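Reading the structure
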Amino acid sequence: MTLSIEARKYTYADYLKFQGDERWEIIDGVPYMQSAPTWQHQNVLLELAAQFRNYLSDKGCRAFISPFDLRLPKIDEDDEHATMVVQPDILVICDKSKLKGTGYCGTPEVVIEIISPSTERMDRLTKFWAYEKAGVKEYWIVAPDTKIISVFILQDNNRYGRPELYTEADNVEVSIFPDLTIELSTVFNF
């Protein structure tokens, strides 16, 4: 749901002044309020995050879950003036120097979005292009209702290739961590 106030570009500095307990994202300067996730969404989120966390526990990278402010500033924007502030469900970062305040300012290695009817269009289109442009190496779109995961891997031409599709009966080998396999039977066990 977009915020219906004056038409202008909002930034991370504005975002920090938003009142209340609502969760917001800013996409190309436009604020969007997020709805509460379903229990299926939360189950998938926790199961995926646990597998990433367990694997990364002795590595230099870390997994974070929403709410967590990911700022993807454009080349001419600093952190405070970033007009792209998103709340990925899960993200993996390896450059801890970019952890700031309420999240991360830079490009994560992996981003996972768990779709719902209210977020599907944004996750499949707007965020897809934003993550590709930012150089996110691996982008997952998880559909709890169909129990299908689409994994997009950044190619040498800095574009995502065709998605690799996985179901609850599959395991996913994470491309940037060759010895990490995510077991989907536990992720979709509900």
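Here's a quick rundown of the structure. (Residues numbered from 1 in each chain as written. Predicted model: local features only at pLDDT ≥ 70, side-chain atom pairs only at ≥ 80, totals over all residues. Heavy atoms only, no water.)

1. Examining the side chain of Gln87
How we decide: Going along the chain from the N terminus, every DSSP run of H or I of four or more residues is numbered as a helix, and every run of E of two or more is numbered as a strand. Each residue gets one of three labels from its accessible area relative to the maximum for its type: buried under 20%, exposed over 50%, partly exposed in between, using a 1.4 Å probe on protein chains only. Two N or O atoms count as a polar contact when they lie within 3.5 Å, although within protein this holds only if one can serve as hydrogen donor and the other as acceptor, and sequence-adjacent residues are included solely when both atoms are side-chain atoms. When checking whether two residues touch, look at their non-hydrogen atoms; a contact exists if any pair is within 4.5 Å.
Inspection of the secondary structure puts Gln87 in the loop between β5 (85-86) and β6 (90-93). Judged by relative accessible area, which is 4%, Gln87 ranks as buried. For Gln87, the side chain forms a polar contact with the main-chain nitrogen of Phe68, separated by 2.8 Å. Leave out the neighbours within four places in its chain, and Gln87 touches Tyr15, Trp24, Glu25, Gln34, Ser66, Pro67, Phe68, Asp69, Glu113 and Lys127.

2. Re the packing of aromatic side chains
Each pair of aromatic rings is reported with the distance of its centres and the angle of its planes. As a reminder, the rule being used: Within 6.5 Å between ring centres, the rings of Phe, Tyr and Trp (the latter by its six-membered ring) count as paired, and their orientation is classed by plane angle as stacked under 30 degrees, edge-to-face over 60, tilted in between. Two conditions define a charge sitting above a ring: the NZ of Lys or the CZ of Arg must be within 6 Å of the ring centre, and it must be within 35 degrees of the ring normal.
Going through the model one piece at a time under the given rule, you end up with 16 aromatic pairs. Centre to centre, the rings of Tyr10 and Phe18 are 6.2 Å apart; their planes meet at 65°, and the pair counts as edge-to-face. Judged by its relative accessible area of 5%, Tyr10 falls in the buried class. Residues Tyr55 and Phe177 carry aromatic rings whose centres are separated by 5.5 Å and whose planes lie at 55° to one another, so their mutual orientation is tilted. Linking Tyr55 in helix α2 (residues 39-56) with Phe177 in the loop between β13 (171-173) and β14 (181-183), this pair joins segments that are 122 residues apart in sequence. Members of the aromatic cluster, connected to one another through ring pairs, are Phe128, Trp129, Tyr131, Tyr139, Phe152 and Tyr160. Between the NZ or CZ atom of Arg8 and the centre of the ring of Tyr10, over which it lies, the distance is 4.1 Å.

3. Quick look at the state of the cysteines
Cut-off, in case you're wondering: Two cysteine sulfurs form a disulfide in these notes if their separation is within 2.5 Å.
Counted under the stated rule, the structure contains 1 disulfide. The disulfide that involves Cys61 links it to Cys94, with 1.9 Å between the sulfurs. Negative torsions about the S-S bond denote left-handed disulfides, and the value of about 105° found for Cys61 with Cys94 makes this one right-handed. Pair noted here: Cys61 is in the loop between α2 and β3 (62-65) and Cys94 is in the loop between β6 and β7 (99-100), with a separation of 33 residues, a long-range link.

4. Quick notes on the nonpolar core
Note the threshold: Throughout, nonpolar core names a set of buried Ala, Val, Leu, Ile, Met, Phe, Trp, Tyr and Cys residues whose side chains join them through atoms within 4.5 Å.
Among the nonpolar cores identified, the biggest contains 27 residues, and Leu48, Trp140 and Ile182 are the most heavily contacted of them. Listing elements by their share of this core, those giving two or more residues are α2, β6, β9 (110-114), β10 (138-143), β11 (148-153) and α4 (184-187). Here the element with the most residues in this core is α2; it accounts for 7 residues. Contact partners of Leu48, with chain neighbours within four places excluded, come to Ile90, Ile112, Trp140, Val142, Ile182 and Val187. Counting residues in hydrophobic clusters, the runner-up holds 22 residues, among them Met84, Tyr104, Ile115 and Ala130.

5. Section: α2
Side chains that are three or four residues apart share a direction in an α-helix, a result of its 3.6 residues per turn. Which entries qualify depends on this criterion: By this rule the span expected of a helix is its residue count minus one, scaled by 1.5 Å. Relevant arc is that of directions from the helix axis to the C-beta atoms, nothing else.
Over its 18 residues, α2 extends 25 Å from the first C-alpha to the last, a length consistent with the 26 Å expected when each residue adds 1.5 Å. Every buried residue belonging to α2 is among His41, Val44, Leu45, Leu48, Ala49, Gln51, Phe52, Tyr55 and Leu56, and all of these are buried. Down the axis of α2, the buried side of the element spans an arc of 160°, and every buried residue falls inside it. Those residues of α2 that are exposed and angled more than 90 degrees off the buried face are Trp39, Leu46 and Arg53. Where the residues of α2 are buried, they touch β3, β6, β9, β10, β14 and α4.

6. Quick look at the pattern of salt bridges
Side chains bearing opposite charge may pair, as long as their charged atoms lie close to each other. To keep it simple, the criterion reads: Criterion for a salt bridge: a side-chain nitrogen of Lys or Arg within 4 Å of a carboxyl oxygen of Asp or Glu.
Summed over the entire model, instances satisfying the criterion amount to 11 salt bridges. Between Lys98 and Asp95 there is a salt bridge, with its nearest N and O atoms 4.0 Å apart. The exposure class assigned to Asp95 is partly exposed, which follows from its relative accessible area of 30%. Here Asp123 ties to Lys127 by a salt bridge, and the two come within 3.6 Å at their closest N and O atoms. Here the residue Asp123 and the residue Lys127 both occupy positions in helix α3 (residues 120-134), the gap between them amounting to 4 residues, near one helical turn.

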